[in-house]
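One letter stands for each residue in the lines below.
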Amino acid sequence: MSSDACCLAEARRVAIFGGTHGNEMSGIMLVSMWTKNDSEIRRSSVHTKPFICNPRAVEKCTRYIDTDLNRAFTAENLSTPPGDELPYEVQRAKEINQLFGPKGSPDAYDVIFDLHNTTSNMGATLILESSTDHFILQMVHYIKKAMAPESCMVLLTEHPQLKYATTRSVAKHSVGLEVGPQPQGVLRSNIFESMRMIVKHALDFIEMFNSGVEFPACRVEVFRVHERVDYPRDTNGNISAMVHPHLQDCDWEPLNPGDPMFQTFDGTTIVYEGAGPVYPTFINEAAYYEKHQAFVTTCRETLSVNSIRNNTK
Ligand SMILES: CC(=O)N[C@@H](CC(=O)O)C(=O)O
Ligand SMILES: [Zn+2]
């Protein structure tokens, strides 16, 4: 055991969230399946809790009832007194914070995986909120290696303005899993199986970590959120162009200055005018029309990850 490894507590309490958005079917079906029979997610050193976050939205097969649950875990929402008049998702956020948090406290769950689907052609993507959580970064490194030659991308949402208050943020360590393309309300077997495999690798990693395995220092390639790009709009605020066919489905591929970005209804091309190459993702995500986001640009970077080991072994 090397002496410079960063010592961390074991991760005993782990939750797997599905149905944070009620129309993202892979996570909903996996979590429902694991609620009935947890043999697949059981590990000897871990208590793993499968949990449906927004049951009313799942029942209606809609993203949310009153407001987006995955934006609701703000300090303000979590601290205001409870009440029936609050939006359903704000009430639910408070309940989830009681069950799996409180956010920022020592009583919070060790790890939360939150399972999402996207209509974008992103493939399997892990979403991280922090570039300094070496436990999660080591997990990501492990998952990427276990998945090879299939790729698993990493989106880092750490950004002073663009970060949002996610359901998973109540845990000490959190990771989002976004797999696409899959239409809203639809189950695709390839997407379901890909998500299932990543959860398996993640739980295997936690089991190994808890048992005392040391994970050596490594490097992880991530794509850090840079800017949100909205659709072109007319003076009434209606969309006046679509994602250009050369950009559609090209998540994670470089977009260079001068490259086609949008196509108006009369066929005019609107090009990207940024300074250098960016890597767009969440291209044409259905849920983001209302958020005024056609895609998000990212910048590629490589993070150095500390070696870690469990300090109780
Ligand atoms: C399509 C979708 O729902 N994406 C998630 C991403 C995340 O979990 O960070 C969201 O916007 O909440
Ligand atoms: Zn989602």
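Residues numbered from 1 in each chain as written. Chains lettered and ligands numbered in written order. Predicted model: local features only at pLDDT ≥ 70, side-chain atom pairs only at ≥ 80, totals over all residues. Heavy atoms only, no water.

Student: What's the story with the UniProt feature "binding site: N-acetyl-L-aspartate" (unreviewed entry) in the chain in this structure? I'm lost.
Tutor: Within the UniProt annotation, "binding site: N-acetyl-L-aspartate" (unreviewed entry) is assigned to Arg63, Glu178 and Tyr288. Secondary-structure assignment places Arg63 in the loop between helix H2 (55–60) and helix H3 (75–79). Under the relative-accessibility criterion, Arg63 is labelled buried at 8%. Once you skip the residues sitting within four places of it in the chain, Arg63 turns out to touch Thr20, His21, Gly22, Asn23, Glu24, Asn54, Ala57, Asp68, Arg71, Ala287, Tyr288 and Lys291. One polar contact links Arg63 to His21, side chain to side chain, over a distance of 3.2 Å. Mapped onto the elements, Tyr288 comes out in the loop between strand S12 (279–281) and strand S13 (295–305). Discounting residues that sit within four places of it in the chain, Tyr288 has contacts with Arg63, Arg71, Phe282 and Gln293. (UniProt positions renumbered as here; feature names shortened; annotations may be inferred. Helix = DSSP H or I, 4+ residues; strand = E, 2+ residues; numbered from the N terminus. Buried < 20%, exposed > 50% of the residue type's maximum accessible area, 1.4 Å probe, protein only. Contact = heavy atoms within 4.5 Å. Polar contact = N/O pair within 3.5 Å; in protein donor to acceptor, adjacent residues only side chain to side chain.)

Student: What is the right way to read the pairing of strand S10 (residues 260–264) from this model?
Tutor: Remember that side chains alternate between the two faces of the sheet whenever the strand is regular. Relative to S10, strand S9 (residues 241–243) runs antiparallel, the two being bridged by three bridges. The residue of S10 that forms the bridge with Met242 is Gln263. Between the antiparallel neighbours S10 and strand S11 (residues 269–271) lie four residues, among them Gly267 with a positive phi of about 95 degrees. (Pairing = 2+ DSSP bridges.)

Student: Just checking my understanding: could you explain the sheet that holds strand S3 (residues 47–52) for this structure?
Tutor: Where strands meet in a sheet, backbone hydrogen bonds hold them as pairs that are either parallel or antiparallel. Strand order in the open sheet formed by nine strands is S3-S2-S4-S7-S5-S6-S8-S13-S12, with mixed pairing between adjacent strands. Two strands in the sheet have a free side with no partner beyond their single neighbour: S3 and S12. The sheet shows a mean angle of 30 degrees between the axes of neighbouring strands, direction not considered. Where helix H4 (residues 88–100) meets the sheet, its contacts fall on strand S2 (13–18), S3 and strand S4 (111–117), and the angle it forms with S3 comes to roughly 175 degrees. (Axes fitted to C-alpha atoms, helices over the stretch in contact; angles between N-to-C directions.)

Student: Can you help me understand the UniProt feature "domain: AstE/AspA barrel-sandwich hybrid" (unreviewed entry) in the chain in this one?
Tutor: Mapped onto the present numbering, the UniProt feature "domain: AstE/AspA barrel-sandwich hybrid" (unreviewed entry) falls at residues 219–298. Secondary structure content for residues 219–298 is 0% helix and 36% strand, and the end C-alpha separation is 18 Å.

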